[in-house]
Amino acid sequence: MIEPPTRSATPQRELEPPERHPEAPAPGTVLPSHYENCVACGPSHPTGLRLVSTAGPEVSISGEFTVTADHQGAPGLAHGGVLALALDETLGGLSWLLRRPMVTGRLETDYIRPVPVGTTLFLTARCLGFAGRRMYAKAVGRLGPEGSVALRASAVFVVVPPEHFVEHGTDMTTEQVHDYEVNP
Ligand SMILES: CCCCC/C=C\C/C=C\C/C=C\C/C=C\CCCC(=O)SCCNC(=O)CCNC(=O)[C@H](O)C(C)(C)COP(=O)(O)OP(=O)(O)OC[C@H]1O[C@@H](n2cnc3c(N)ncnc32)[C@H](O)[C@@H]1OP(=O)(O)O
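Every value quoted in this text rests on a predicted model; they were computed, and no experiment measured them.

1. What about the overall build of the protein?
So, point 1. Summing up its helical and strand segments, the protein has 4 helices and 6 strands in all.
So, point 2. Each helix and strand of the protein, placed in order from N terminus to C terminus, yields the pattern β-β-α-α-β-β-β-β-α-α.
So, point 3. Each of the three principal axes of the protein carries a C-alpha extent, and together these read 45 × 40 × 40 Å.
So, point 4. Buried positions account for 38% of the 184 residues belonging to the protein.
So, point 5. A sequence separation of at least 24 residues applies to 63% of the contacts in the protein between residues at least 6 apart.
So, point 6. Taken as a whole, the protein presents about 10300 Å² of accessible surface, with 53% of it coming from carbon and sulfur.
So, point 7. Charge centroids of the protein, computed over 14 positive and 20 negative side chains, lie 9 Å from each other.

2. Topic: the packing of aromatic side chains
Aromatic ring pairs: the centre-centre distance and the angle between the two ring planes describe each pair.
So, point 1. If you walk through the whole model with that rule in mind, you get 0 aromatic pairs.
So, point 2. Geometry around Phe-130 places Arg-100 over its ring, the cationic atom sitting 4.6 Å from the centre.

3. Some points on the site of the ligand
So, point 1. Looking at the ligand, there are 24 residues lining it, with Asp-88, Thr-104, Gly-105, Arg-133 and Arg-134 nearest.
So, point 2. Contacts to the ligand include Arg-7, whose side-chain N or O atom sits 3.3 Å from an oxygen atom.
So, point 3. The backbone of Gly-105 places a nitrogen or oxygen atom 2.8 Å from a nitrogen atom of the ligand.
So, point 4. Out of a free accessible area of 1400 Å², the ligand has 65% covered by protein chains.
So, point 5. Sorting the residues of the shell around the ligand by element identifies α1 (80–92), α2 (94–98), β3 (102–111), β6 (149–159), α3 (163–168) and α4 (174–182) as the ones contributing at least two each.

4. Things to note about the environment of Arg-134
So, point 1. Mapping Arg-134 onto the fold places it in strand β5 (residues 134–143).
So, point 2. For Arg-134, a relative accessible area of 35% translates into the label partly exposed.
So, point 3. The contacts of Arg-134, once residues within four sequence positions are left out, are Arg-13, Gly-129, Val-156 and Phe-157.

Reading the values: the criteria
Residues numbered from 1 in each chain as written. Predicted model: local features only at pLDDT ≥ 70, side-chain atom pairs only at ≥ 80, totals over all residues. Heavy atoms only, no water. Helix = DSSP H or I, 4+ residues; strand = E, 2+ residues; numbered from the N terminus. Buried < 20%, exposed > 50% of the residue type's maximum accessible area, 1.4 Å probe, protein only. Contact = heavy atoms within 4.5 Å. Areas by Shrake-Rupley, 256 points an atom, 1.4 Å probe, with all protein chains shown as cover. Lys, Arg positive; Asp, Glu negative; His and termini not counted. Charge placed at Lys NZ, Arg CZ, Asp CG, Glu CD. Phe/Tyr/Trp six-rings, centres within 6.5 Å; stacked < 30°, edge-to-face > 60°. Lys NZ or Arg CZ within 6 Å of the ring centre and 35° of its normal. Near = heavy atom within 4 Å. Polar contact = N/O pair within 3.5 Å; in protein donor to acceptor, adjacent residues only side chain to side chain.

What follows is the structure, encoded as structure tokens:
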């Protein structure tokens, strides 16, 4: 099998600047969960992160969640995969402001400090711009609103048609996806 080319989350050429959608939620708006059973933001998930995202200025977003015993890797410390999940969710939330459905293509994460259970992690993500269907973005996670940087991430999301979620997922009809696009 031919291996796909190595890909980077660092843009290789100048990006088209991001445009905040005219109907994007205003800065400071707390965003609803996009799916109640989502492991990152769903209020019905029994052990999920229950991450809450807020629209920021321009094309940026902030997110918060508190690390619990359900999120441990080593005793008393958050698992790195869980922290990547939090970054992925915050980055993915940029689609609220762009109003374009996207999926994560690549997520590069730097783990800078351990994150103990009980920590409320403060995340921010901002869109750098587009290269065709590829959306480039960066995120940071801090131990407190102005605290030390514990995480950094660079990501590429790929814009998909809404039907992606009908074709590959379950329990969603094309009508629901289009409703969701207009009124999530
Ligand atoms: C539903 C409507 C929503 C409307 C929006 C409104 C409001 C927002 C509402 C809710 C959203 C809110 C919050 C979301 C929160 C969290 C989000 C979590 C996100 C995830 O957790 S999501 C799960 C993990 N994710 C996957 O499950 C992806 C699996 N994968 C695939 O489904 C395919 O692989 C796909 C689609 C990626 C590509 O497939 P494809 O056939 O469509 O396109 P193709 O391969 O031609 O790539 C096209 C261009 O993307 C480049 N490209 C492709 N792959 C790349 C990679 N890996 N790295 C860098 N670049 C890549 C190519 O290089 C080419 O670039 P170029 O055009 O320049 O050549």
